[in-house]
Amino acid sequence: MQDSEPVPGHADEEMPQGDLTVRTIAMPADTNANGDIFGGWVLSQMDQAGGIAGVERARGRVVTVALDGMTFLRPVAVGDVLCVYTRVSHVGRTSMKIEVEAWARRFRTQHREKVTRATFTFVAIDDEGRPRAIPT
Ligand SMILES: CC(=O)SCCNC(=O)CCNC(=O)[C@H](O)C(C)(C)COP(=O)(O)OP(=O)(O)OC[C@H]1O[C@@H](n2cnc3c(N)ncnc32)[C@H](O)[C@@H]1OP(=O)(O)O
């Protein structure tokens, strides 16, 4: 364990919030000119994870309508395992807010760090793409 990693169970340890919804590995094809992973790739994984959580909650099709508070906290490197956690924080009539956190488990150290977070808004839609009420 590195010095910077919080002690498990200690009060100052930050833990992922929500359910682990997507887990994938960052590959060389996803890098930018700096050799880090593209922010767009991370965003795509987060959108997919939010979509999975949204479909489960809405029991059917959903679309992304908005994305707020996207913050890239740390870079992701090739070989890191990206773990995306989701939590439904609000359900409206046809829309819902889902808090999405992306954590990287570092390739060499297995150290886990939060790398990105955002609040996604998804709308439940019917077969014609029109908003539909989310079941209670
Ligand atoms: C362009 C892309 O490819 S983006 C990626 C994929 N996403 C898409 O394709 C979605 C494209 N957008 C759409 O199809 C439409 O805007 C829809 C279906 C999401 C919404 O249609 P609208 O006619 O705007 O629906 P409406 O005004 O009734 O709003 C529906 C719900 O969304 C919410 N909403 C609409 N726009 C926003 C927004 N910008 N931010 C947050 N919530 C919003 C409304 O508050 C409402 O929520 P509620 O029913 O819980 O109160």
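Residues numbered from 1 in each chain as written. Predicted model: local features only at pLDDT ≥ 70, side-chain atom pairs only at ≥ 80, totals over all residues. Heavy atoms only, no water.

Draft legend 1. Examining the overall build of the chain more closely. When helices and strands are tallied, the chain shows 1 helix and 5 strands. Going from the N terminus to the C terminus, the chain shows its helices and strands as β-α-β-β-β-β. Taken along the three principal axes of its C-alpha coordinates, the chain extends 50 × 40 × 20 Å. Expressed as a percentage of the 136 residues in the chain, the buried residues total 38%. Restricting to contacts in the chain with at least 6 residues of sequence separation, those with at least 24 account for 68%. Split by element, the accessible area of the chain, about 7,800 Å² in all, is 51% carbon and sulfur. Once the 16 positive and 18 negative side-chain charges of the chain are each reduced to a mean point, those two points are 5 Å apart. (Helix = DSSP H or I, 4+ residues; strand = E, 2+ residues; numbered from the N terminus. Buried < 20%, exposed > 50% of the residue type's maximum accessible area, 1.4 Å probe, protein only. Contact = heavy atoms within 4.5 Å. Areas by Shrake-Rupley, 256 points an atom, 1.4 Å probe, with all protein chains shown as cover. Lys, Arg positive; Asp, Glu negative; His and termini not counted. Charge placed at Lys NZ, Arg CZ, Asp CG, Glu CD.)

Draft legend 2. Seen up close, the UniProt feature "domain: HotDog ACOT-type" (unreviewed entry) in the chain. Listed under "domain: HotDog ACOT-type" (unreviewed entry) in the UniProt record, and renumbered for this structure, are residues 16-128. Secondary structure across residues 16-128 divides into 18% helix and 47% strand, with the first and last C-alpha atoms of the span separated by 36 Å. (UniProt positions renumbered as here; feature names shortened; annotations may be inferred.)

Draft legend 3. Highlighting the confidence of the model for the chain. Taken over all residues, the pLDDT of the chain has a mean of 92, while the share at 70 or more is 91%. Confidence metrics for the complex model read pTM 0.91 and ipTM 0.96. (pLDDT = per-residue confidence, 0-100.)

Draft legend 4. View of the site of the ligand. Taken together, 13 residues lie near the ligand, and Thr64, Arg93, Thr94, Ser95 and Val123 sit nearest. Here an oxygen atom of the ligand and a side-chain polar atom of threonine 94 are 2.6 Å apart. Side-chain polar atom of serine 95 to an oxygen atom of the ligand: 2.7 Å apart, as the coordinates give it. Coverage of the ligand by the protein chains reaches 40% of its 990 Å² of free accessible surface. Only strand E2 (62-72) and strand E5 (112-124) provide two or more residues apiece to the shell around the ligand. No other element matches E2, which puts 4 residues into the shell around the ligand. Broken down by class, the residue content of the shell around the ligand amounts to 6 nonpolar, 6 polar and 1 charged. (Near = heavy atom within 4 Å. Polar contact = N/O pair within 3.5 Å; in protein donor to acceptor, adjacent residues only side chain to side chain. Nonpolar A, V, L, I, M, F, W, Y, C, P; charged D, E, K, R; others polar.)

Draft legend 5. Region of the structure containing unusual backbone geometry. One non-glycine residue, arginine 59, lies in positive phi territory at about 50°. Within the secondary structure, arginine 59 sits in the loop between helix H1 (39-58) and E2. A positive phi is found at glutamine 110, a non-glycine position, where the angle reads about 65°. Along the chain, glutamine 110 falls in the loop between strand E4 (95-105) and E5. Assessed through its relative accessible area of 44%, glutamine 110 is described here as partly exposed.

Draft legend 6. Spatial organisation of the packing of aromatic side chains. Scanning all chains against the criterion turns up 1 aromatic pair. Above the ring of tryptophan 103, the side-chain terminus of arginine 112 is found at 5.4 Å from the ring centroid. (Phe/Tyr/Trp six-rings, centres within 6.5 Å; stacked < 30°, edge-to-face > 60°. Lys NZ or Arg CZ within 6 Å of the ring centre and 35° of its normal.)

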